[in-house]
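Given next are the chains, with one letter for each unit.
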Amino acid sequence: MSVATISTQDSEPVFHVIDEHAHPEGASTMLGFWIYLMSDCLIFAMLFATYGVLGGNYAAGPAPKDLFDLKLVALNTTMLLLSSITYGFAMLTMEKSKIGQTQLWLAITGLFGLAFLGIELTEFAHMIHEGATPQRSAFLSSFFTLVGTHGLHVTFGLVWLVTLMVQTARFGLTEANRRRLMCLSMFWHFLDVVWIGVFTFVYLLGMLR
Amino acid sequence: MTTEARTLEANAGGHGHDDHGGAAHGSLKSYLIGFGLSVVLTAVPFWLVMTGTIADKQVTALIVLVLAAVQIVVHMIYFLHMNTRSENGWTMMAMIFTVIMVVIALTGSLWVMHHLNVNMMPIHDMSQMP
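Residues numbered from 1 in each chain as written. Chains lettered and ligands numbered in written order. Predicted model: local features only at pLDDT ≥ 70, side-chain atom pairs only at ≥ 80, totals over all residues. Heavy atoms only, no water.

Caption draft 1: Quick peek at the interface of chain B and chain A. Counting from both sides, the interface comprises 50 residues of chain B and, opposite them, 51 residues of chain A. Here chain B meets chain A over a buried area of about 4400 Å², counting both sides, of which 81% is carbon and sulfur. Inspection of the chain B/chain A interface yields one residue pair in polar contact (both at pLDDT 80 or more). Per element, the largest residue contribution to the side of chain B that touches chain A is 12 residues, and it comes from helix H4 (residues 90–120) of chain B. Its residues placed into classes, the side of chain B that touches chain A shows 30 nonpolar, 16 polar and four charged. (Contact = heavy atoms within 4.5 Å. Buried area = accessible area lost by both parts, 1.4 Å probe. Polar contact = N/O pair within 3.5 Å; in protein donor to acceptor, adjacent residues only side chain to side chain. Helix = DSSP H or I, 4+ residues; strand = E, 2+ residues; numbered from the N terminus. Nonpolar A, V, L, I, M, F, W, Y, C, P; charged D, E, K, R; others polar.)

Shown next, in the form of structure tokens:
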């Protein structure tokens, strides 16, 4: 698209579509991906609603106060927040076409994401070891479903991140790879937004219950 | 003006380059502002709950919820680069629709199930038994 197209179109007014205007490859990808994220948002909204309804049903089992360690959650939140800003740096260096720095920031993002998952799995393992399994009560079922779904999203985000790093290493920062990296950027930041909901509704409000 | 001309205008109004189909970019400054704000907005609720500075739990819960809502908006603007111009406003449209759906589903579920609990829970008050 260039300014020239406007001037030629403005010179002679047309009142009907002469022919199909050009759709450059990937022009609608970002909007389409955004709509996917919005539908993902609805999935999480349903899981939040389920947790909101069932979160108080302990079935005489452990309550949030007995299970959650806020220090660990704070550390986890820090990991995800840091991974968000490092992904932002990756996008900024990508715009400047600095492939080495982009790869470096992507790798750092991946490590923070891995740390997040590691801490989360440690927490889950600790809870299950104490007998707080998903089968124990409605509260724990909805907890593991909600937090587990988020963790699964982060896992797939990491798989995607590694895939794109390999793609970038092999083919460079091509137009297609930039578009893919931008989609993953939206996905990654979106997961951080969902995590705000998780640490607020599940952990912080759970401790206040 | 044709649709294409308007698309061009919308793209140019974004961040000055139109090679990516109308999605907005951030700058180093905007990322750092967003990061700084979200660190504060995360640290304060954790500090409030971990130390129990405010004795009233309902007040604490309310503050925590408000800070979370603010932080979500901060992330939307500074990390996801939401604005009314990108993709001719369609991203904003999709988001407003989603927010409406989420609000209906969340408040509806909690409201209905709360009343169900209040009205249907058996009352285990043995003193009332004959």
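Caption draft 2: Structural detail: the nonpolar core. If you look at the biggest cluster of nonpolar residues, it comprises 75 residues, and the most contacted ones within it are Trp34, Phe68, Phe143, Trp195 and Tyr203 of chain A. Within the residue set of this core, elements represented by two or more residues are helix H2 (29–54), helix H4 (70–95), helix H5 (99–129), helix H6 (138–171) and helix H7 (175–208) of chain A together with helix H2 (28–51), helix H3 (57–78) and H4 of chain B. Setting aside chain neighbours within four positions, we find phenylalanine 68 of chain A in contact with Glu123, Met127, Phe139, Phe143, Val202, Tyr203 and Met207 of chain A. (Core = buried A, V, L, I, M, F, W, Y, C linked by side-chain atoms within 4.5 Å. Buried < 20%, exposed > 50% of the residue type's maximum accessible area, 1.4 Å probe, protein only.)

Caption draft 3: Molecular detail of the confidence of the model for chain B. All names here are of chain B. Mean pLDDT over chain B stands at 81; residues scoring 70 or higher make up 74%. Here residues 1–21 is modelled with pLDDT under 50, and outside its nearest four sequence neighbours on either side it reaches 33 contacts, counting other chains as well. Predicted complex metrics record ipTM = 0.85 and pTM = 0.83. (pLDDT = per-residue confidence, 0-100.)

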